[in-house]
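# Per-entry structural report
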Amino acid sequence: MAEFDTNHPRLHLHNFLSLQTCKELEFIHNSCSTVGYRPNVFSTTLSHLIATNCAHLILPFVPIRDRVKEKVEEFFGCEFELFVEFTGLISWCKGSSIGWHSDDSRSYLKQRDFTAVCYLNNQGKDFNGGGLHFQSGKPSTFLPVAGDVVIYTADSRNIHCVDEITAGERLTLNLWFSRDASHDEDRKLIALLGQCIGLDIEVKPSSYLPLPASCNMYWFSAAEAPGQQSGFGISWARLYVLGYTFYFHEDEIRSSTSTSECHLLELLAKPLRLARGSEIYEKEFINSLHALQVVQFYYWQTSELQKITAENEDLSILLLKQALPEMRNSLKSVNLGDEVLAATVFGHKSCVVNKHLVFDWAGFFAAVVAWESYSAELYKKLCASLPHWISHESIFCVPDLEVPGVALVTRGILLSS
Ligand SMILES: O=C(O)CCC(=O)C(=O)O
Ligand SMILES: [Fe+2]
């Protein structure tokens with residue numbers, strides 16, 4: 001058993017996750033998050049990924065959960081089996097904070113024995129504020145650094161708080177562990193996966209195209225931001241701050257003439273095209289989450305995509321001003337929310353400026369292709385893992401999993417097929 005202060009058992013692990021892993025989880029969160037459990041907080045849970053046709057995106061979490069659990073068991077000298085009680089990506093935006101508390105302090109959280117917070121981005125670069133403080137014991141302050149993990153007991157020996165975020169978006173992967181098998185997250189997730197994944201593992205785009213949950217989960221309400229008049233759709237806002245516009249077919253817009261929040265919410269789930277300035281991409285996305293996921297993939301993989309774009313001559317880009325008149329007339333741009341509020345919440349300079357500068361349609365086109373390969377490969381791996389997970393009643397990294405017939409894709413980059 002490792003040495004620690006038994007009055008305040010906690011451990012700081014430096015560089016526990018690679019930066020590549022942090023970036024992959026950031027891609028998933030920026031594509032799939034919903035409004036969180038407190039104001040100015042966004043979250044991506046594994047059950048949400050499964051429920052929205054993105055079950056394949058739980059795979060990048062699996063080795064991390066295995067490694068963190070092993071570390072928690074080793075550090076706290078657990079002689080009993082631990083279960084993962086909750087896994088989720090959580091981001092905090094301007095204005096969010098949490099006062100002194102322990103993580104088991106509510107009656108419905110008593111099952112939580114240990115906490116692991118994995119930091120996925122950096123204080124001072126990606127956000128300001130957001131330091132973690134413990135009331136007693138040493139060290140008492142942790143400044144978030146991408147790749148670091150802090151683990152501690154969830155009880156009153158580790159009362160802690162987090163400073164208010166003053167700018168940007170602070171992203172963490174939070175894991176809670178329990179000794180109580182009835183709170184094992186894996187059993188619930190496996191049951192959900194069993195309902196969603198059929199026996200036929202043929203990979204079609206319909207296997208991995210995101211399908212939104214109830215629309216209000218994607219609406220950042222103005223009520224969360226005092227003084228603001230209106231809210232925004234999360235997918236629209238994340239893309240708006242990067243310079244994109246949503247274009248809908250006039251028929252989709254006409255189905256309701258109201259400009260109410262309800263109408264905007266409905267549009268989030270409708271087919272759309274993406275534009276930058278007067279340039280519009282010909283491909284139609286099935287909904288705003290689909291467009292968001294492809295764009296986030298593009299930024300995650302920009303430097304790799306630049307290496308392969310030279311071969312891509314076939315650019316399906318239409319300049320809006322050159323588009324066929326009937327198409328130009330039938331497409332209308334719509335703002336799905338309050339631009340000022342979107343810029344306040346997601347428009348942190350260090351994140352946005354570079355992304356504006358690097359954009360090119362050739363790279364974007366390559367991203368569409370590479371995103372399909374990445375998704376298809378993960379989906380095959382999920383289908384191959386699921387029988388093992390069902391028989392062990394546990395989600396784990398299945399060793400030496402061969403996925404025959406899949407294009408060789410490494411982290412979304414098409415190497416060969
Ligand atoms: O993100 C952190 O540093 C800690 C978060 C926290 O205290 C909690 O979610 O209970
Ligand atoms: Fe906490």
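Residues numbered from 1 in each chain as written. Chains lettered and ligands numbered in written order. Predicted model: local features only at pLDDT ≥ 70, side-chain atom pairs only at ≥ 80, totals over all residues. Heavy atoms only, no water.

Under an unreviewed UniProt entry, the name given to the chain is procollagen-proline 3-dioxygenase, and the source organism is Stephania cephalantha.

### Examining the overall build of the chain
For the chain, the count of helices and strands is 13 helices and 21 strands. By the burial criterion, 53% of the 417 residues in the chain qualify as buried. Surface exposure of the chain reaches about 18,200 Å², of which carbon and sulfur atoms provide 53%. (Helix = DSSP H or I, 4+ residues; strand = E, 2+ residues; numbered from the N terminus. Buried < 20%, exposed > 50% of the residue type's maximum accessible area, 1.4 Å probe, protein only. Areas by Shrake-Rupley, 256 points an atom, 1.4 Å probe, with all protein chains shown as cover.)

### Some details on the pattern of salt bridges
By the definition in use, this model includes 13 salt bridges. Between Arg 65 and Asp 186 there is a salt bridge, and its shortest N-O distance comes to 2.7 Å. Pair noted here: Arg 65 is in helix α3 (residues 62-75) and Asp 186 is in helix α4 (residues 185-196), with a separation of 121 residues, a long-range link. For the residue pair Arg 65 and Asp 186, the accessibility class agrees, reading buried in each case. When the shortest N-O distance is used, the salt bridge between Arg 238 and Glu 169 registers 2.8 Å. A residue pair is termed long-range when its members are at least 10 positions apart, and Arg 238 in helix α5 (residues 234-240) and Glu 169 in strand β12 (residues 165-178) qualify at 69 residues. Comparing Arg 238 with Glu 169 shows no difference in burial state: the two are buried. Counted as one network, the salt bridges with shared partners bring together Arg 65, Glu 185 and Asp 186. (Salt bridge = Lys/Arg side-chain N within 4 Å of Asp/Glu carboxyl O.)

### Focus: the nonpolar core
Of all hydrophobic cores here, the largest spans 107 residues; its most connected members are Leu 274, Phe 364 and Trp 389. Here the element with the most residues in this core is helix α13 (residues 361-392); it accounts for 16 residues. If you count residues domain by domain, this core takes at least three from each of domain 1 (10-196) and domain 2 (215-372). Filtering out sequence-adjacent residues up to four positions away, Trp 389 remains in contact with Ile 58, Leu 59, Val 62, Ile 190, Leu 193, Leu 382, Ser 394, Ile 395, Phe 396 and Val 398. Judged by nonpolar contacts, the second largest core, of 13 residues, contains Val 117, Tyr 119, Phe 142 and Ile 165. (Core = buried A, V, L, I, M, F, W, Y, C linked by side-chain atoms within 4.5 Å. Domains from an automatic or database assignment. Contact = heavy atoms within 4.5 Å.)

### Some points on the side chain of Asn 121
Take Asn 121: it is sitting in the loop between β6 (114-119) and β7 (127-129). With relative accessibility at 6%, the residue Asn 121 sits in the buried group. Polar contacts involving the side chain of Asn 121 include one to the main-chain carbonyl oxygen of Glu 169, which spans 2.8 Å. Reaching out from Asn 121, the side chain makes a polar contact with the backbone nitrogen of Leu 171 at a distance of 3.1 Å. When near neighbours in sequence (up to four residues on either side) are disregarded, Asn 121 contacts Asp 126, Phe 127, Pro 144, Val 145, Ala 146, Glu 169, Arg 170 and Leu 171. (Polar contact = N/O pair within 3.5 Å; in protein donor to acceptor, adjacent residues only side chain to side chain.)

### Considering the coordination of the iron ion (ligand 2)
When four donors bind a metal tetrahedrally, each ideal donor-metal-donor angle is 109.5 degrees, and when six bind octahedrally, the ideal angles are 90 or 180 degrees. Distances from the iron ion (ligand 2) to its protein donors, His 101 (NE2), Asp 103 (OD) and His 160 (NE2), fall within 2.1 Å. Taken in chain order, the donor set of the iron ion (ligand 2) reads H-x1-D-x56-H. Assessed through its relative accessible area of 18%, His 101 is described here as buried. For Asp 103, a relative accessible area of 7% puts it in the buried group. (Donors = N, O, S within 2.8 Å, 3.2 Å for Na, K, Ca; no water.)

### So, the site of ligand 1
Near ligand 1, the surroundings consist of Tyr 37, Trp 92, His 101, Asp 103, Val 117, Tyr 119, Leu 132, His 160, Val 162, Arg 170, Asn 174 and Trp 176. For ligand 1, an oxygen atom lies 3.1 Å from a polar atom in the side chain of Asp 103. At a separation of 2.7 Å, an oxygen atom of ligand 1 approaches a polar side-chain atom of Tyr 119. No other element matches β12, which puts three residues into the shell around ligand 1. (Near = heavy atom within 4 Å.)

### So, α13
Since one α-helical turn is 3.6 residues long, residues separated by three or four positions face the same way. Compared with an ideal rise of 1.5 Å per residue, which puts 32 residues at 46 Å, α13 spans 45 Å between its outermost C-alpha atoms and is within 8% of the ideal. A positive phi of about 50° marks Glu 393, the residue just after α13. (Expected span 1.5 Å × (residues − 1).)

### Some thoughts on the packing of aromatic side chains
Overall, the coordinates contain 29 aromatic pairs when judged by the stated rule. Taken together, a centroid distance of 5.8 Å and an interplanar angle of 80° make the contact between Phe 27 and Phe 297 edge-to-face. Here Phe 297 lies in helix α8 (residues 288-300) and Phe 27 lies in helix α1 (residues 19-32), a separation of 270 residues in the sequence. Residue class for Phe 27 comes out buried when judged on its relative accessible area of 2%. For Phe 297, a relative accessible area of 0% gives the class buried. (Phe/Tyr/Trp six-rings, centres within 6.5 Å; stacked < 30°, edge-to-face > 60°.)

### Some points on empty space enclosed by the protein
According to the stated counting rule, one finds two cavities of 30 Å³ or more in the structure shown. The space that makes up the largest cavity amounts to roughly 40 Å³. Every residue along the wall of the largest cavity is listed here: Pro 212, Cys 215, Tyr 218, Ser 235, Leu 268, Ser 288 and Leu 289. Taken together, the residues of the lining of the largest cavity sort by class into five nonpolar, two polar and no charged. The volume enclosed by the second largest cavity comes to roughly 30 Å³. Ser 31, Cys 32, His 48, Thr 52, Cys 54, Pro 210, Tyr 218 and Leu 289 together form the lining of the second largest cavity. Taken together, the residues that form the lining of the second largest cavity break down as five nonpolar, three polar and no charged. (1 Å grid on protein atoms, 1.4 Å probe; cavity = no way out; pocket = protein on both sides within 12 Å on 5 of 7 lines; lining within 4 Å. Points joined across faces, edges and corners; volume = space filled by probe spheres on them. Nonpolar A, V, L, I, M, F, W, Y, C, P; charged D, E, K, R; others polar.)

### Side note on a nonpolar patch on the surface
A cluster of nonpolar residues, Val 353, Leu 357 and Val 358, forms a patch on the protein surface that exposes about 260 Å² of accessible area. Relative to the helices and strands, Leu 357 resides in helix α12 (residues 349-358). (Patch = residues over 30% accessible without salt bridge, like charges linked within 9 Å, V, L, I, M, F, W, Y side chains within 5 Å.)

### Considering the layout of surface pockets
Approximately 870 Å³ is the volume found for the largest pocket. Taken together, 33 residues form the lining of the largest pocket, with Lys 23, Glu 26, Tyr 299, Cys 351 and Lys 355 sitting closest to its centre. Put simply, the parts of the chain that give the lining of the largest pocket at least two residues each are α1, β12, α8, α9 (302-308) and α12. For the lining of the largest pocket, a count of residues per class yields 11 nonpolar, 13 polar and nine charged. No fewer than three residues from each of domain 1 (10-196) and domain 2 (215-372) sit in the lining of the largest pocket. A volume near 600 Å³ is recorded for the second largest pocket. Every residue lining the second largest pocket is counted, 28 residues in all, and those nearest its centre are Tyr 37, Ile 98, His 101, Arg 112 and Trp 176. At the level of secondary structure, the elements contributing two or more residues to the lining of the second largest pocket comprise β3 (41-45), β4 (83-93), β5 (98-101), β6, β11 (160-162) and β12. In terms of residue count, β12 provides more of the lining of the second largest pocket than any other element does, four residues in total.

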